[in-house]
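This is what each chain is made of:
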Amino acid sequence: MRTFAKGNQRPSVLFELVYGRVLQLKFFNTTMNILLLGSGGREHALAWKMLQSSKTTKLFVAPGNAGTAAIATNVPLDILDFNAVKNLALQEKIDMVVVGPEDPLVAGIHDFFLNDDLLKQIAVIGPQKAAAQLEGSKEFAKQFLIRHQIPTAAYQSFNASTIEKGYQFLETLKPPYVLKADGLAAGKGVVILNDLNEAKTELKRMLVDAKFGAASTKVVIEEFLAGIELSCFVLTDGKHYKILPTAKDYKRIGEGDTGLNTGGMGAISPVPFATPEFLSKIEERIVKPTINGLLKDQLPYKGFIFIGLIKSGSDPKVIEYNVRMGDPETEVVLPRLKNDLVAVFQAIANQTLNEINIEIDDRAAATVMMVSGGYPEDYEKGKEITGLELVTDSIPFHAAAILKDGKVVTSGGRVLAMTSYGNTYDEAIKKSYQNIEKLHFDKMYYRKDIGFDL
Ligand code: AMP
Ligand code: GLY
């Protein structure tokens, strides 16, 4: 029930006057102004979910997209310009900042808020810089995994001065060879090759020719793990954790999982092969040691942990950590979360996540990404999207769609994520396809086989 209509004076004003913002942060029994950073389908889904909460007074999205513009207030700014974020937060009396993508976290936005007297009472959802290295550096993540005995592929890391040792290490491995640029490389930093000589050449390209710029001054080479992938999403307040529904993402551009890697072409939740037995292995062997490891290593973490897993035989192994939600996984995970997400975020800020009981919708959810023709290589932007008003029984989350001259136009590779519920994931996927057929933009492409392997 919404106790205070939007736009009414915030009930926290009196509280603030009497007790000040420190106490407000502790008790938070009030509605809030929230700033969400990011502009993808993940952020549209986060905005959609947070606006279902009676605790949200005003929601600002920076920079947002056409989807968030329809439900919240978009503010055009560079989210890596922390002073611009600060000005907005002060101007709009923001109580909580929710960080969608990894870049501001790896660059230390949470620490920036904590270190500023005017900002430090504002809750930030997302890990501090030291913990965000779990995504910001593959070598850091591997060291963390090994230190805490969390199952993962064997690895070694190399730089330009140890490249000869890198060649020797490759010779000890069986193909395929997995090479990972250490730093953030916009999802493109992992290269998997079957041929030893090609792997050596690639190693040289990364280390010596700076193929991924500064991100590949170090390269992690690891054992190839065969198996089927899935993702596990965890919320933590730094002390306690809650596990969200699993999801499976379809990363390749082509049907049958062929062609180039993308940010994700579709997703389903729950993952049918994640049986209770398998989920309990994930929790015991991976989630618990991860949370304990963060505590032991004093890595401050309040936010989402996205654990990329591979089912190798009957055992889960970690492929990667991300310090944010996945996109398009968010577009299937959040629709299945019954809780008030803002209340959950407040519990994270207050380190009372243990008091929250996570409730999940029994229905399955599926999402299918509609992308610009040519993606993930060159593609055109600015194409008008038509038919959105015809969508029924699905949620078209906007990813790279912006408003221009009153029209919704494409602004990037992954344009829209069509999410649907179903009693089975098959039913959900079908609904998404039925609605996609009502939409049009020039050179629109989508995979017609999401869920094909299940
Ligand atoms: P990442 O950017 O770390 O998610 O890696 C991109 C993709 O590369 C993953 O989704 C996997 O499909 C694949 N991958 C990464 N590491 C391995 C590995 N050790 N064995 C097999 N596949 C891997
Ligand atoms: N869909 C994969 C990711 O968000 O990294």
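Residues numbered from 1 in each chain as written. Chains lettered and ligands numbered in written order. Predicted model: local features only at pLDDT ≥ 70, side-chain atom pairs only at ≥ 80, totals over all residues. Heavy atoms only, no water.

1. Structural notes on helix α9 (residues 163-172)
Our working definition: Relative accessibility decides the category of a residue: with a 1.4 Å probe and only protein chains considered, values under 20% of the type maximum give buried, values over 50% give exposed, and everything between is partly exposed. Numbered from the N terminus, helices here are DSSP runs of H or I no shorter than four residues, and strands are runs of E no shorter than two. Think of the arc as the fan of directions from the helix axis to the C-beta atoms. The contact rule is simple, with two residues in contact once any of their heavy atoms fall within 4.5 Å.
Listing the buried residues of α9 in full gives I163, G166, Y167, F169 and L170. Taken end-on, α9 shows its buried residues confined to a sector of 160°, consistent with a single buried face. Residues E164, K165 and T172 are exposed on α9 and point more than 90 degrees away from its buried face. On the buried face of α9, the contacting elements are β6 (155-159), β7 (177-181), α10 (196-207) and β9 (218-222).

2. A closer look at the site of ligand 1
Cut-off, in case you're wondering: We call a residue near a molecule or strand as soon as one heavy atom of that residue lies within 4 Å of the molecule or strand. Polar contacts, as used here, are pairs of N or O atoms within 3.5 Å; protein pairs need one atom able to donate a hydrogen and one able to accept it. Residues neighboring in sequence count only if both atoms are side-chain atoms. Note on areas: these come from Shrake-Rupley sampling with a 1.4 Å probe, and a residue is covered only by the protein chains present in the view.
Near ligand 1, the surroundings consist of 14 residues, among which E222, E223, L225, E229 and E320 are the closest. The side chain of E222 places a nitrogen or oxygen atom 2.6 Å from a nitrogen atom of ligand 1. At 2.6 Å, a side-chain N or O of E320 approaches an oxygen atom of ligand 1. Compared with its free state, where it exposes 480 Å², ligand 1 has 90% of that area covered by protein. Counting only elements with at least two residues in the shell around ligand 1, the list comes to β7, β8 (190-193) and β17 (315-322).

3. Notes on the environment of D111
Within the secondary structure layout, D111 lies in helix α6 (residues 109-114). Between the alpha carbons of D111 and A130 there is a distance of 9.2 Å; along the sequence they are 19 residues apart. Contact partners of D111, with chain neighbours within four places excluded, come to Q128 and K129.

4. Topic: the site of ligand 2
Near ligand 2 you find D249, G263, F306, R324, G326, D327, P328 and E329, and these make up its full shell. Between ligand 2 and D327, the relevant distance is 2.9 Å, taken from a nitrogen atom to a main-chain nitrogen or oxygen of the residue. E329 is positioned with one of its side-chain polar atoms (N or O) 2.9 Å from a nitrogen atom of ligand 2. For ligand 2, the accessible surface in isolation is 200 Å², of which the surrounding protein chains cover 87%.

5. What to know about the packing of aromatic side chains
Note the cut-off: To pair, rings of Phe, Tyr and Trp, with the six-membered ring standing in for Trp, must have centres within 6.5 Å; the planes then decide the type, stacked if under 30 degrees apart, edge-to-face if over 60, and tilted in the middle. Should the NZ of a Lys or the CZ of an Arg lie within 6 Å of a ring centre and within 35 degrees of the ring normal, that charge is described as sitting over the ring.
Within this structure, the stated rule accounts for 10 aromatic pairs. With 5.9 Å between their ring centres and 40° between their planes, F158 and F169 make a pair best called tilted. Remark: F169 occurs in helix α9 and F158 occurs in strand β6; sequence separation between them is 11 residues. The class of F158 is buried, set by a relative accessible area of 5%. Among the aromatic residues, those joined into a ring-pair cluster are F82, F112 and F113. The positively charged end of K248 is found above the aromatic ring belonging to Y250, 4.4 Å away from the centroid. Here R363 stacks its cationic end above the ring of Y421, 3.8 Å away from the centre of that ring.

6. A word on the packing of helix α7 (residues 129-136) against helix α8 (residues 138-147)
The line we're drawing: For helices, the fitted line uses only the C-alpha atoms of the stretch in contact; every axis is such a line through C-alpha atoms, and the angle between N-to-C directions lies from 0 to 180 degrees. Roughly parallel covers angles under 35 degrees, roughly antiparallel covers those over 145, roughly perpendicular covers 65 to 115, and oblique covers all other angles. The residue classification treats Ala, Val, Leu, Ile, Met, Phe, Trp, Tyr, Cys and Pro as nonpolar and Asp, Glu, Lys and Arg as charged. All others, Gly included, are polar.
One can describe the packing of α7 onto α8 by two numbers: an axis separation of 6 Å at closest approach and a directional angle of 100°. When the axes of α7 and α8 are compared, the pair comes out roughly perpendicular. Contacts between α7 and α8 involve A130, Q133, L134 and G136 on the former and, on the latter, K138, F140, A141 and F144. Considering only residue class, the contact of α7 with α8 consists of five nonpolar, two polar and one charged.

7. With respect to a nonpolar patch on the surface
Counted only if it meets this: Each patch is built from salt-bridge-free residues with over 30% relative accessible area, joining like charges within 9 Å and nonpolar side chains (Val, Leu, Ile, Met, Phe, Trp, Tyr) within 5 Å. Within this document, salt bridges are pairs made up of a side-chain nitrogen of Lys or Arg and a carboxyl oxygen of Asp or Glu, the two lying within 4 Å of each other.
A cluster of nonpolar side chains, contributed by V190, I192 and F224, occupies part of the molecular surface with about 240 Å² of accessible area. On the secondary structure map, F224 appears in the loop between β9 and β10 (228-236). Of the residues examined, F224 reaches a relative accessible area of 35% and is grouped as partly exposed.

8. Here's the deal with the packing of α9 against α10
Selection criterion: By definition, turning the near helix anticlockwise from the far helix through less than a right angle yields a left-handed crossing, and turning it clockwise yields a right-handed one.
Following both chains from N to C, one finds α9 and α10 inclined at 155°, their axes separated by 10 Å at the closest point. The angle between α9 and α10 falls in the class roughly antiparallel. Crossing of α9 against α10: the hand is right-handed. Seen from α9, the contacting residues are I163, G166, Y167, L170 and E171; seen from α10, they are L196, A199, K200, L203, K204 and L207. Taken together, the residues of the contact of α9 with α10 break down into seven nonpolar, one polar and three charged.

9. As for the sheet that holds β9
Here is the rule we go by: Two strands pair under a simple rule: DSSP has to find at least two bridges between them.
Taking strand neighbours across the sheet as the criterion, the four strands line up as β6-β9-β7-β8 in an open arrangement whose pairing is antiparallel. Only two strands of the sheet have a single neighbouring strand rather than two, namely β6 and β8. Averaged over all pairs of adjacent strands, the angle between their axes in this sheet comes to 25°, without regard to strand direction. Inspection of the sheet shows β7 paired to β8 by four bridges, in the antiparallel sense. Residue pairing in the sheet places L179 in a bridge with V191 of β8.

10. Examining the side chain of H398
Within the element layout of this structure, H398 appears in strand β19 (residues 395-398). Judged by its relative accessible area of 9%, H398 falls in the buried class. Within the structure, H398 has its side chain in polar contact with the backbone oxygen of P396 (distance 3.2 Å). Discounting residues that sit within four places of it in the chain, H398 has contacts with G40, G41, H44, N65, A66, G67, L388, V408, V415 and L416.

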